[in-house]
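# Chain and residue survey
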Amino acid sequence: MDKQKYFISVGEGEISQVRYQNNDDFVVYATEDEITLLRSKFEDLHESSFDSFVRAHIPFMPYHNDEPNDIYDDTMTETFQLLYELGDEKTKNHIQSMGILSDKHL
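One structure accompanies this document, and this report is about it.

Here is what the cut-offs are and how they apply
- Residues numbered from 1 in each chain as written.
- Predicted model: local features only at pLDDT ≥ 70, side-chain atom pairs only at ≥ 80, totals over all residues.
- Heavy atoms only, no water.
- Patch = residues over 30% accessible without salt bridge, like charges linked within 9 Å, V, L, I, M, F, W, Y side chains within 5 Å.
- Areas by Shrake-Rupley, 256 points an atom, 1.4 Å probe, with all protein chains shown as cover.
- Salt bridge = Lys/Arg side-chain N within 4 Å of Asp/Glu carboxyl O.
- Lys, Arg positive; Asp, Glu negative; His and termini not counted.
- Charge placed at Lys NZ, Arg CZ, Asp CG, Glu CD.
- Helix = DSSP H or I, 4+ residues; strand = E, 2+ residues; numbered from the N terminus.
- Buried < 20%, exposed > 50% of the residue type's maximum accessible area, 1.4 Å probe, protein only.
- 1 Å grid on protein atoms, 1.4 Å probe; cavity = no way out; pocket = protein on both sides within 12 Å on 5 of 7 lines; lining within 4 Å.
- Points joined across faces, edges and corners; volume = space filled by probe spheres on them.
- Nonpolar A, V, L, I, M, F, W, Y, C, P; charged D, E, K, R; others polar.
- Core = buried A, V, L, I, M, F, W, Y, C linked by side-chain atoms within 4.5 Å.
- Contact = heavy atoms within 4.5 Å.

## A few points about a negative patch on the surface
Together, Glu-67, Asp-70, Asp-73 and Asp-74 make up a region of like negative charge exposed at the surface. For Asp-73, the position within the fold is in helix α2 (residues 67-86). What makes Asp-73 partly exposed here is its relative accessible area of 35%.

Quick look at the structure:
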């Protein structure tokens, strides 16, 4: 399968083949299957973000016992790992500078 160029905005959960406004936080080259996987990661982030929001309103549950937050963090790491693997050099350098991935993932 041919890889196509995509513009990614993690904060917005946006994947587009058309660059406009601020949707180009990251640039990746991916197949349709890889983009489907990335969309799935964005959906997982949205779901776990909502679960964390709900959990945050339960005052007697301590933060360190927060499974929804752990899931969100793990999914965020997995998302950036995928972006790193599919990204152009600028994307890879940016993710490295963020320090979100350990050296074994780079």
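Now that the structure has been shown, we can carry on.
## What about the layout of surface pockets?
Estimates place the volume of the largest pocket at around 190 Å³. Along its surface, the largest pocket is lined by twelve residues, and Val-10, Gly-13, Phe-42, Leu-45 and His-46 are the ones closest to its centre. If you list the elements that add at least two residues to the lining of the largest pocket, you get α1 (32-56) and α2. The element contributing the most residues to the lining of the largest pocket is α1, with six residues. Of the residues belonging to the lining of the largest pocket, the class tally is five nonpolar, four polar and three charged.

## Notes on the nonpolar core
When a protein is soluble and globular, its nonpolar side chains tend to lie buried together. By size, the foremost hydrophobic cluster in this structure holds 19 residues, and its most contacted members are Ile-8, Val-10, Leu-38, Phe-80 and Leu-83. Breaking this core down by element, the ones donating at least two residues are β1 (4-9), β3 (26-30), α1 and α2. Element by element, the count of residues in this core is highest for α2, at six residues. Contacts of Leu-83, omitting those with residues within four sequence positions, involve Ile-8, Val-10, Phe-26, Val-28, Leu-38, Thr-91 and Ile-95.

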